[in-house]
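# Structural features, examined
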There are 2 protein chains.
Amino acid sequence: MEPLQVIRTSQPKSKPNEGELGFGKYFSDHMFVADYTSERGWQNARIIPYGPISLEPSAMVLHYGQEVFEGMKAYRGMNGEINLFRPEKNIQRMNMSCDRLGIPQVDPEWMLEAICKLVEIDSDWIPQRVENSLYIRPFIIATEPCLGVRAAKEYQLLIITSPVGAYYSSGMAPVSIYVEDHYVRAVRGGTGAAKTSINYASSIKAQEEAKRQGYSQVLWLDGIEQRYIEEVGSMNVFFKVDGEVITPELNGSILPGVTRDSVIAMLKHWGIPVTERKVTVEELFEAHRQGKLEEAFGTGTAAVISPIGAMKWGEQSIQITEGHIGEVSGRLYDSITGIQQGKIDDPLHWRYLIG
Amino acid sequence: MEPLQVIRTSQPKSKPNEGELGFGKYFSDHMFVADYTSERGWQNARIIPYGPISLEPSAMVLHYGQEVFEGMKAYRGMNGEINLFRPEKNIQRMNMSCDRLGIPQVDPEWMLEAICKLVEIDSDWIPQRVENSLYIRPFIIATEPCLGVRAAKEYQLLIITSPVGAYYSSGMAPVSIYVEDHYVRAVRGGTGAAKTSINYASSIKAQEEAKRQGYSQVLWLDGIEQRYIEEVGSMNVFFKVDGEVITPELNGSILPGVTRDSVIAMLKHWGIPVTERKVTVEELFEAHRQGKLEEAFGTGTAAVISPIGAMKWGEQSIQITEGHIGEVSGRLYDSITGIQQGKIDDPLHWRYLIG
Ligand SMILES: Cc1ncc(COP(=O)(O)O)c(C=O)c1O
Ligand SMILES: Cc1ncc(COP(=O)(O)O)c(C=O)c1O
């Protein structure tokens, strides 16, 4: 592989106010770009000033949606060091997504190097406040200019970064979710397990309907029977029922979340029983009736742990943990964010130090 | 609405050889562009020289796939006139797709005017050979630069055109299709009935597998039971069984094809029995065993009518019409292309004359 070319910006932007970062609104000074052609493979890797890209109007991504992406974060540690969190898992998942979408995979080491180098160059964009971070968004788009429906022969890999605020600006707070029984996100044999734009476009309508009804997120059911719980918006989902933590098994239509995997491993490390299996929505509402639904929470890179305080399914609405944060949810949040921020020990070796 | 601004190219491109057009490889000299913002609606409509577009790397279409598109053709008539075929149907379908994807709809008259004006300006790009045509591709992309998952507040509508060759360069020929029983294209509650990039990205893997096995197209089954026939690649599908023409009913996961609608209307006009209903793949293979599967064909803008000569489902392969073109398929092809090309009468008023 040729060496990575770096062209630094001559006009660094001014940094946004750390109290008003939000999510994915500001972008750092540089971006990584590499090109793929079927003859030459991935090539021309470069870090260049962040700015607009030029696409042919017939670029295949704009017509047939061949795209994959990832989402991960760089954290400023207690002593100024920079940490990633299990970056190899995101790269591995990106390659799985590529496989499903007919997109050429990348060399994992090359990709990790690209991420590290980009974060290093823009390290002054990693927020100082411990609860903030630099969100890293790698994505691959089909750039070949052609309207035939088939796998493209030309692609571009880009990595952009965005300083982001704490998901919960005023401390972790339970969210309310709406169990979606009309729209379907994914089905076995579809693309649900891949991280690709196409799974999100289809969810927007349901998300808007949930918002209209006062719920902040949609909980998706399986596409076949519309009974089995899949995931929440952009999070995987866990329930604590009668002392046991349960989460839907990876069935091919759920995104295999890095946070999900970390939560399962951490619970096992702690000796708390955790099971991956099919979970029906009836089962949860029944457990609630019996007073056994002790906690519910979503897991994802953005919020890490997101306690679920209320759920609506058809005509039934339930409250969980009465607006408080469950014990396991709180402990997981503190531990995982503690590891990410370099505040505590890292028993499972998840931190990846840059530089 | 402000008037349409026109900036003509000062460097017209040379035209490709009409014998080697293929599909969607060459593009005419101009394109139509309009912008949308949630404050101002659709605005800034313009026809400008065809060329690359500039997108922010964080443009939402590249991350969450909010996109819809259409496909239609302009035909050069026998006396040099220019015909569209039922353009109002495509515009209506585009608005339906917009609704499903959370994209703002367009004013149908404004859109039709844009298409006509663009085709007029590039009328020398409409091929002379009667079997060729100018393919018209309107599409809308979410351009707002933001990584939050929600409906965008900024969009661009583009219309590009491409001179295309006859789908069957050496006359209409039967295709062989592969009944897909692993991958799933769409499910009720999903986006199958919308014309959006996201339905195509998910099909590429199946399409490649079918090609590897020597089949030219995939026939999709329903996502739930994987028994009911939905559609073929980028065509709807019809079968003639024991004298009756049948086609899968519009169930919310099938694209409502303009050609499909035209075929049904034409068959009715001719007094040939035609039924829209659920059709299982078992039923077709059983009809074939009994010698009653008389014809099978796909319908779509690209090929108009595409006779199906062979079908494979699991371990079973069948031949239909022994490599010949069925009587109804041939008659439909001649009639619909005849109307498009202005060669014959237009009993159902489908031709739309430009200029
Ligand atoms: C659909 C979906 N499920 C789950 C997740 C959680 O995955 P991770 O923990 O890797 O962030 C995400 C997002 O990141 C997602 O988009
Ligand atoms: C998935 C799909 N089904 C059916 C069709 C046929 O529709 P129409 O007859 O409007 O071209 C198309 C394409 O055009 C398509 O992409």
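Quick caveat: nothing in here was measured; it's all calculated off a predicted structure.

### Section: the site of ligand 2
Residues and elements named next belong to chain B. Taken together, 16 residues sit near ligand 2, with Tyr 200, Glu 231, Val 258, Thr 259 and Thr 301 positioned nearest. Measuring from an oxygen atom of ligand 2, one finds a side-chain N or O atom of Lys 195 at 3.1 Å. The contact in question runs from a nitrogen atom of ligand 2 to an N or O atom on the side chain of Glu 231, over 2.4 Å. The protein chains hide 96% of the 380 Å² of surface that ligand 2 would expose on its own. Elements represented by at least two residues in the shell around ligand 2 include exactly α6 (258-270) and β16 (293-300). Residue classes in the shell around ligand 2 are distributed as 4 nonpolar, 8 polar and 4 charged.

### A closer look at the UniProt feature "modified residue: N6-(pyridoxal phosphate)lysine" (unreviewed entry) in chain A
All names here are of chain A. If you check UniProt for "modified residue: N6-(pyridoxal phosphate)lysine" (unreviewed entry), the listed places come out as Lys 195 in our numbering. Note that Lys 195 resides in the loop between β10 (175-180) and α4 (198-201). Overall, Lys 195 belongs to the buried group, its relative accessible area being 10%. Beyond its immediate chain neighbours, meaning those up to four positions away, Lys 195 contacts Val 68, Phe 69, Glu 70, Gly 71, Arg 93, Ser 97, Tyr 200 and Leu 255.

### Some thoughts on the packing of helix α6 (residues 258-270) of chain A against helix α8 (residues 327-340) of chain A
Residue and element names in this part refer to chain A. Where α6 meets α8, the axes come as close as 11 Å, and the angle between the chain directions of the two elements is 110°. Considering their axes alone, α6 and α8 lie roughly perpendicular with respect to each other. Residues Ser 262, Val 263, Met 266, Leu 267 and Trp 270 of α6 form the contact with α8, whose participating residues are Val 328, Arg 331, Leu 332, Ser 335, Ile 336 and Ile 339. Residues of the contact of α6 with α8, tallied by class, amount to 8 nonpolar, 2 polar and 1 charged.

### Considerations on the interface of chain A and chain B
By a frequent convention, interface size equals the accessible area lost on bringing the separate parts together. At the interface, 55 residues of chain A touch 55 residues of chain B. Overall, the association of chain A and chain B removes approximately 4800 Å² of surface from exposure, summing both partners, and the carbon and sulfur fraction of that is 62%. By the criterion of area lost to chain B, the three top residues of chain A are Pro 57, Leu 62 and Leu 147 of chain A, representing 13% of everything that side buries. The interface formed by chain A and chain B contains 2 salt bridges.

### What to know about the domain arrangement of chain A
All names here are of chain A. What the domain assignment lists for chain A is domain 1 (5-164) and domain 2 (175-340). Averaged C-alpha coordinates put domain 1 and domain 2 at centres separated by 27 Å. Taken residue by residue, the interface counts 20 residues in domain 1 and 21 residues in domain 2. Interface area lost by domain 1 to domain 2 is led by Phe 69, Phe 85 and Arg 93, which between them contribute 34%. At the surface where domain 1 touches domain 2, the tally comes to 2 salt bridges. With its nearest N and O atoms 3.8 Å apart, the salt bridge here joins Lys 89 to Asp 261. In this structure, the connection of domain 1 to domain 2 is made through 13 residue pairs in polar contact (both at pLDDT 80 or more). Of all the elements in the fold, those that place two or more residues in the side of domain 1 that touches domain 2 are β5 (67-69), β6 (72-76), β7 (82-85) and α2 (87-101). No other element matches the 7 residues that α2 contributes to the side of domain 1 that touches domain 2. Considered class by class, the residues forming the side of domain 1 that touches domain 2 number 8 nonpolar, 5 polar and 7 charged.

Conventions adopted
Residues numbered from 1 in each chain as written. Chains lettered and ligands numbered in written order. Predicted model: local features only at pLDDT ≥ 70, side-chain atom pairs only at ≥ 80, totals over all residues. Heavy atoms only, no water. Near = heavy atom within 4 Å. Polar contact = N/O pair within 3.5 Å; in protein donor to acceptor, adjacent residues only side chain to side chain. Areas by Shrake-Rupley, 256 points an atom, 1.4 Å probe, with all protein chains shown as cover. Helix = DSSP H or I, 4+ residues; strand = E, 2+ residues; numbered from the N terminus. Nonpolar A, V, L, I, M, F, W, Y, C, P; charged D, E, K, R; others polar. UniProt positions renumbered as here; feature names shortened; annotations may be inferred. Buried < 20%, exposed > 50% of the residue type's maximum accessible area, 1.4 Å probe, protein only. Contact = heavy atoms within 4.5 Å. Axes fitted to C-alpha atoms, helices over the stretch in contact; angles between N-to-C directions. Parallel < 35°, antiparallel > 145°, perpendicular 65-115°, else oblique. Buried area = accessible area lost by both parts, 1.4 Å probe. Salt bridge = Lys/Arg side-chain N within 4 Å of Asp/Glu carboxyl O. Domains from an automatic or database assignment.

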